[in-house]
Amino acid sequence: MGLHFQHEPGRGAVRERTGLDATDIRILSAVQKHGQLSKTRLAEIVNLSATPCWTRLTRLRAAGYIRGYHADIALERVVDVTRVVVTVSLTHHQKADFDRFESHIMDNDAIINCVATGGGIDYVMTVVVPDISAFQELMDELLSADLAIDRYMTYFATRLIKGEQPNLAKLTARKPR
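Residue numbers run consecutively from 1 along every chain, following the written order of its sequence. Whole-chain, interface and lining totals are the exception, using all residues; otherwise, since this is a predicted model, local features are given only for residues with pLDDT of at least 70 and side-chain atom pairs are given and counted only at 80 or more. Each side-chain value is worked out from all heavy atoms of the structure, with water and hydrogens disregarded.

Draft legend 1. Representation of the overall build of the protein chain. By definition, any uninterrupted DSSP run of H or I lasting at least four residues is a helix, any uninterrupted run of E lasting at least two residues is a strand, and each is numbered from the N terminus. The secondary structure content of the protein chain amounts to seven helices and six strands. Ordered by position in the sequence, the α and β elements of the protein chain form the string β-β-α-α-α-α-β-α-β-β-α-β-α. The buried label applies to any residue whose accessible area, calculated with a 1.4 Å probe on protein chains only, is under 20% of its type's maximum; exposed applies above 50%, and partly exposed to all values in between. Taking all 177 residues of the protein chain together, the buried fraction comes to 29%. Split by element, the accessible area of the protein chain, about 12,300 Å² in all, is 52% carbon and sulfur. Areas reported here follow the Shrake-Rupley algorithm with a probe of radius 1.4 Å; residue values treat only the protein chains shown as occluding.

In structure tokens:
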């Protein structure tokens, strides 16, 4: 049991909560915050003996709750980049239009984040490129790719104020009724 997603036609997923207990949440929170940990260190953080903790972690991995482990690289210390937030509205709103757009952007590693939204804008994307000319090349490519883009707006990021994962423990906490 656990979280699973039920697909809505043309629009992301709907979350349905089933079966994760408080210990599972503590384990997921620990690996979200610290990445890969030794069996002993994870058990200490979660306040559970090592073997049952590792068994639960293995089960959570196998069930697909942990997609991978990543380093949080201080990008600004490695290379100068231009970060752009782009809102996109499509001309038509058929499932095939959304699928074509989403499939196309999945193959572009300059687009690091894309969220489908409701309302007047269909997508909000975050793009990271070396410079403005690379951003313009990307947009020219998207516009010429027959993706039915009606309009887009760009917002050049001047600095990243906050970029974190959500607090899993708070999101899953039950409020008393």
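Draft legend 2. Fine view of a nonpolar patch on the surface. A contiguous nonpolar patch, built from Ile73, Val78, Val79 and Val81 and spanning about 340 Å² of accessible area, is present on the exposed surface. The residue Val81 is located in the loop between α4 (75–78) and β3 (82–90) in this model. The class for Val81 is partly exposed, based on a relative accessible area of 35%. Only residues whose relative accessible area exceeds 30% and that take part in no salt bridge are eligible for patches, with like-charged residues grouped when within 9 Å of each other and nonpolar side chains (Val, Leu, Ile, Met, Phe, Trp, Tyr) grouped when within 5 Å. By convention in these notes, a salt bridge is any Lys or Arg side-chain nitrogen within 4 Å of a carboxyl oxygen on Asp or Glu.

Draft legend 3. Structural context of the pattern of salt bridges. By the definition in use, this model includes seven salt bridges. For Asp21, the salt bridge identified is with Arg56, shortest N-O distance 2.9 Å. With Asp21 in the loop between β2 (13–16) and α1 (22–34) and Arg56 in helix α3 (residues 50–62), this residue pair connects regions lying 35 residues apart in the sequence. Residue classification places Asp21 among the partly exposed positions, given a relative accessible area of 32%. Among the residues examined, Arg56 registers a relative accessible area of 23% and is labelled partly exposed. Between Lys95 and Asp99 there is a salt bridge; the shortest N-O distance is 2.6 Å. Separated by four residues within a single helix, Lys95 and Asp99 lie in helix α5 (residues 95–106), roughly one turn from each other. Three or more residues are tied together by salt bridges with common partners; here these are Asp21, Asp24, Arg56 and Arg59.

Don't take any of this as a statement about function, it's just geometry.
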